[in-house]
Number of protein chains: 2
Amino acid sequence: MRESGEPESGEPDRWPGAGGPPFDPERFRREGRVVIDWIADYWASLPAQRVLSDVEPGEIAARLPAAAPETPESLAAVLGDLERIIVPGLTHWQHPGFFAYFPANASGPSILGELLSAGLGIQGMLWTTSPAATELEGIVVDWLRQLLGLPDRFRLGGDGGGMIQDSASSGLLCCLVAARERAAASGTGPCLVYASADAHSSVVKGAKIAGFPPAAIRRIDTDSAGRLRPDLLEAAMRDDAAAGRVPCFVVATVGTTARGAIDPVAAIGTIARRYGAWLHVDAAWAGTAAICSELRPMIVDGAELADSWGTNPHKSMLVNFDCHCLWIASRQTLATALTTKPDYLRTAVGDTGAVVDYSDWQVPLGRRFRALKLWMVLRMIGAEALRQRVRDQVAWTAEFADIVAADPAFEILSPPSLALVTFALRAGDEATTELLARVNRAGSVFLSHARVGGRHAIRLAVGGTLTSRADVLGAWGVIAAAAADPVLMSKARGRPAGER
Amino acid sequence: MRESGEPESGEPDRWPGAGGPPFDPERFRREGRVVIDWIADYWASLPAQRVLSDVEPGEIAARLPAAAPETPESLAAVLGDLERIIVPGLTHWQHPGFFAYFPANASGPSILGELLSAGLGIQGMLWTTSPAATELEGIVVDWLRQLLGLPDRFRLGGDGGGMIQDSASSGLLCCLVAARERAAASGTGPCLVYASADAHSSVVKGAKIAGFPPAAIRRIDTDSAGRLRPDLLEAAMRDDAAAGRVPCFVVATVGTTARGAIDPVAAIGTIARRYGAWLHVDAAWAGTAAICSELRPMIVDGAELADSWGTNPHKSMLVNFDCHCLWIASRQTLATALTTKPDYLRTAVGDTGAVVDYSDWQVPLGRRFRALKLWMVLRMIGAEALRQRVRDQVAWTAEFADIVAADPAFEILSPPSLALVTFALRAGDEATTELLARVNRAGSVFLSHARVGGRHAIRLAVGGTLTSRADVLGAWGVIAAAAADPVLMSKARGRPAGER
């Protein structure tokens with residue numbers, strides 16, 4: 001059966017691969033430095049790169065070999081291909097001109113936290129499989145809870161607790177399943193999900209995964225500022241309850257994706273409680289801004305009524321994607337819904353209930369040691385500097401919005417919400433679409449689009465690690481120059497409908 | 001509203017945080033080297049560490065500050081605490097004496113792949129948000145498909161395709177949802193899930209998340225070797241179909257967690273097809289061994305009947321957790337079930353269908369650039385050396401099993417399946433439990449337990465990055481010495497029932 005490499009009794013420890021041992025400390029030191037330097041050079045090169053890649057579909061794949069090599073290649077060969085083939089096909093999320101979607105900002109301490117996590121290579125699925133991974137996660141997530149001013153009900157130690165998941169989508173799904181199971185345990189009838197018409201796509205996706213039929217999702221209309229209308233929520237829940245349906249799960253969004261609208265959480269929470277529904281607050285993007293005391297009330301008001309509350313330090317808080325922090329008021333409810341412990345995953349200490357086995361709080365069984373990067377950002381950057389960043393970004397966005405508002409060709413579609421503003425050309429949707437396409441094609445900035453009040457909007461989301469006031473003002477320069485091109489309007493009129 | 005740090009017009013680019021800019025290339029070079037060296041030293045220190053941490057619940061948490069610092073601390077302070085507080089609380093998955101659960105092995109190239117992914121900080125949720133991340137992933141997952149000898153139906157380019165998810169649990173959930181939606185589109189009646197009694201806990205967990213009631217999960221009995229019995233599967237599906245229920249999703253396990261049993265996939269697939277059910281092959285642990293041609297048939301036979309097939313290079317193939325490779329025969333079916341694209345996530349190129357937006361194939365929206373680490377392992381280690389590792393581990397496990405079988409105090413409960421064997425003391429479950437507790441408490445090796453044929457079994461799973469033949473034989477030394485202690489049997493009889 002063996003073809004070669006039968007271990008000789010004289011040297012049982014020698015790893016026979018032609019490439020040497022899979023971890024050789026001295027080689028790792030040498031190659032690690034090369035990669036560290038490569039990353040430093042990459043960041044230094046970012047301002048000179050295009051933000052949005054302009055490759056065609058299939059172009060990168062066509063430049064890669066069709067099969068894996070049989071024998072080892074050098075790090076230099078890999079880095080050469082990374083540079084030559086991969087980098088031109090990247091959209092550079094860390095570029096100072098990245099204003100699209102929401103930021104996914106990284107930082108030195110966070111990259112080193114990811115590196116340490118990979119280097120340790122431990123797996124925190126159970127407390128036993130690395131107690132420190134579970135306990136550090138509980139502690140640093142509680143550090144963040146305190147910085148955000150979230151209520152004690154989410155503190156680990158009482159009935160609640162916090163954890164890190166990969167994304168707000170996964171966190172929402174877990175809470176939705178917990179709410180569904182809680183509702184199923186206490187009654188019958190079809191369970192319903194409520195969220196604003198502007199809530200994130202993860203609500204519909206999560207409900208779909210959790211087996212809710214499309215008709216079980218109530219999209220509640222928003223007011224003119226994009227906020228869920230509590231009166232309509234109450235009417236919908238009243239009607240559903242009266243018809244024997246079970247109001248099960250309500251999502252309040254703190255910072256909608258399209259325009260950053262902040263739902264009235266306290267009012268929503270009061271209604272949710274009245275009907276026995278689970279209140280989940282999706283503060284994925286806006287949540288971390290609550291580290292600033294002056295912004296806190298609008299973000300955390302009503303959190304004391306929430307059954308779960310989530311935010312993403314991986315968006316604007318300098319922690320590498322993925323890092324979604326989720327707090328729950330009743331960790332038992334979540335664990336009851338998700339725990340499936342066969343004999344091989346049970347441990348004496350786990351059975352006592354004295355420890356948290358975080359895999360019981362999430363979809364996957366395995367867990368990376370994500371707490372390290374959050375710990376390193378909080379310690380090596382510090383709360384004070386993180387607050388300063390938020391304040392700067394909010395101020396720069398306001399300044400940008402004032403400039404846009406002063407240009408008669410433009411109008412603001414939604415005023416700045418924290419560090420997000422949307423705007424359009426007065427000339428209409430086609431012109432706006434064409435303008436955005438041109439701006440992005442030019443390569444120095446990247447902005448994305450959304451529907452705001454039925455209009456096609458350009459979104460500017462500020463929060464990149466390297467993004468400065470000059471970059472924000474520079475984005476306006478690019479936009480204004482493109483809009484001033486007399487050809488734009490005629491081009492816009494000639495574009496095929498539906499393109500974006 | 002601002003408290004300090006208002007940007008001065010003269011220096012708009014200065015990042016005002018007391019800790020300096022969040023990414024400073026020169027500081028990153030300096031600190032990166034320190035962390036690289038720390039990891040090299042950590043790996044070099046592993047053989048001298050305890051494998052399984054012996055800290056008490058709450059011990060690590062009690063040694064950490066209760067709140068985050070306001071001002072920055074140094075990398076040296078963080079690494080000092082890592083060394084002093086965190087490392088003693090880790091269970092060292094990369095230790096050569098780690099034989100528990102399944103391995104989660106890492107390697108130099110893979111750690112550097114994770115580092116590059118973190119350093120680039122891009123996010124591949126849509127093709128547009130980094131075309132190279134999507135295309136490299138498609139290519140390297142296809143490299144692995146070819147190495148494993150999986151059929152062309154999973155090749156990207158036809159109707160199928162492959163991707164990387166975090167874990168086998170998440171991959172299975174997505175396939176289950178796709179199967180549920182496909183079944184719902186073509187008929188009515190309650191949908192059912194079939195898996196062997198020894199299938200992984202993720203089947204029950206996934207079904208629970210996807211809204212299947214407990215009664216909708218059919219656990220099919222296994223034969224004496226732990227393999228799902230096709231005759232019982234067929235009988236169950238026939239009865240269900242006759243009663244108007246819908247056989248929806250069948251899981252065939254290639255390598256059960258308890259004992260590495262390999263279900264008869266081809267027979268199961270034939271039955272699944274007969275009833276129109278989706279066949280998912282869970283080859284999470286065993287799958288990657290198919291890179292060896294002599295092991296391939298028993299692993300991939302029947303794959304041509306599968307709708308989805310998943311394996312974890314993060315277990316034994318030297319790729320850092322997380323890296324689950326999932327192939328599907330109909331990518332459209334998966335995308336139809338999971339796609340929820342609001343306006344702000346639609347792109348012109350995505351709308352044409354010419355590219356894959358991988359977020360439509362998974363639970364989360366965001367995606368890390370995981371393909372880099374798989375690419376680097378395949379290139380820098382090479383297929384030949386990866387095969388040699390599998391062959392060595394299989395041979396060492398067989399050698400270990402022969403030694404155990406020759407000891408009259410022990411019996412093999414399940415013969416070696418690839419690099420996994422289970423065994424017990426003939427003296428009974430309590431003695432076996434006590435023996436395992438003692439062996440693990442000693443600290444030089446860590447093995448875990450399972451139920452095999454109703455007996456309490458000790459599992460030896462070989463596959464650690466640093467684990468050599470000497471370590472495997474050394475594990476036997478520790479076990480035999482502990483078993484030889486005359487106090488063991490009396491202690492075992494005195495143990496409180498139910499402890500493990």
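Cut-offs used in this document
Per chain, residue numbering runs from 1 following the sequence as it is written. Written order determines the labels here, with chains lettered from A and ligands numbered from 1. With the structure being a predicted model, the display of local features is reserved for residues of pLDDT at least 70 and the display and counting of side-chain atom pairs for 80 or more, all residues being used for whole-chain, interface and lining totals. Comment: elements are numbered from the N terminus, with helices defined as DSSP H or I runs of at least four residues and strands as E runs of at least two. Each radius of gyration is computed over the set of C-alpha atoms, and the globule rule expresses the reference value as 2.2 Å times the number of residues to the power 0.38. Partly exposed residues are those whose C-beta has more than 12 but fewer than 20 other C-beta atoms within 10 Å; with 20 or more the residue is buried, with 12 or fewer it is exposed, and the C-beta atoms are placed from the backbone. Only when DSSP finds a minimum of two bridges between them are two strands counted as paired. The angle between two axes is taken between their N-to-C directions and runs from 0 to 180 degrees, where each axis is a line fitted to C-alpha atoms and a helix contributes only its stretch in contact. Note that contacts rest on C-beta atoms placed from the backbone: two residues are in contact if these are within 7 Å. Throughout, the ten residues Ala, Val, Leu, Ile, Met, Phe, Trp, Tyr, Cys and Pro are labelled nonpolar, Asp, Glu, Lys and Arg are labelled charged, and all others, Gly among them, are labelled polar. Each domain's extent is set by a domain assignment, obtained either automatically or from a database.

Draft legend 1. Looking closely at the overall build of chain A. Within chain A one finds 18 helices and eleven strands. For chain A, whose C-alpha radius of gyration is 25 Å, the value lies close to the compact-globule estimate of 23 Å for 500 residues. Within chain A, the proportion of its 500 residues that are buried is 61%.

Draft legend 2. Spatial organisation of the sheet that holds strand β10 (residues 448–452) of chain B. All names here are of chain B. Strand order in this open sheet of four strands is β8-β9-β11-β10, and the pairing throughout is antiparallel. Two strands in the sheet have a free side with no partner beyond their single neighbour: β8 (410–417) and β10. Strand-to-strand, the axes of this sheet are offset by a mean angle of 35°, without reference to chain direction. Where strand β9 (residues 420–425) lies against strand β11 (residues 455–461), four bridges are found, and the strand directions are antiparallel. Paired with Phe423 across the strands is Ile458, a residue of β11. Running at roughly 160° to β8, helix α15 (residues 383–406) makes contact with β8, β9 and β11 of the sheet. Each of β9, β10 and β11 touches helix α16 (residues 429–442); the most contacted strand, β11, lies at about 35° to it.

Draft legend 3. Quick peek at helix α9 (residues 265–274) of chain B. Residues and elements named next belong to chain B. All buried positions along α9 are accounted for by Val265, Ala267, Ile268, Gly269, Ile271 and Ala272. Check the buried side of α9 and you find it contacts α8 (230–242), β4 (246–253) and β5 (278–282). With its phi angle positive at about 70°, Gly276 sits one or two positions after the end of α9.

Draft legend 4. Seen up close, the sheet that holds strand β7 (residues 324–328) of chain B. Residues and elements named next belong to chain B. With respect to topology, seven strands assemble into an open sheet ordered β1-β7-β6-β5-β4-β2-β3, the strand pairing being mixed. Since the sheet does not close on itself, it has two edges, and those belong to β1 (161–165) and β3 (217–220), each with one partner. With strand direction ignored, the average angle separating the axes of adjacent strands in the sheet is 20°. One ladder, built from four bridges, connects strand β6 (residues 308–311) with β7; its direction is antiparallel.

Draft legend 5. Up close: the interface of chain A and chain B. Each partner contributes to the interface: chain A provides 140 residues, whereas chain B provides 140 residues. Of the residues forming the side of chain A that touches chain B, the biggest block, 15 residues, is contributed by helix α1 (residues 25–45) of chain A. Looking at the side of chain A that touches chain B, its residues break down into 74 nonpolar, 36 polar and 30 charged.

Draft legend 6. Representation of the domain arrangement of chain A. Residues and elements named next belong to chain A. Each assigned domain of chain A is listed with its residue range as follows: domain 1 (25–92), domain 2 (113–380) and domain 3 (384–494). Taking only C-alpha atoms, the centre of domain 1 and the centre of domain 3 are 31 Å apart. Each partner contributes residues to the interface: domain 1 has five residues there, and domain 3 has six residues. Across the side of domain 1 that touches domain 3, the residue classes break down as three nonpolar, one polar and one charged.

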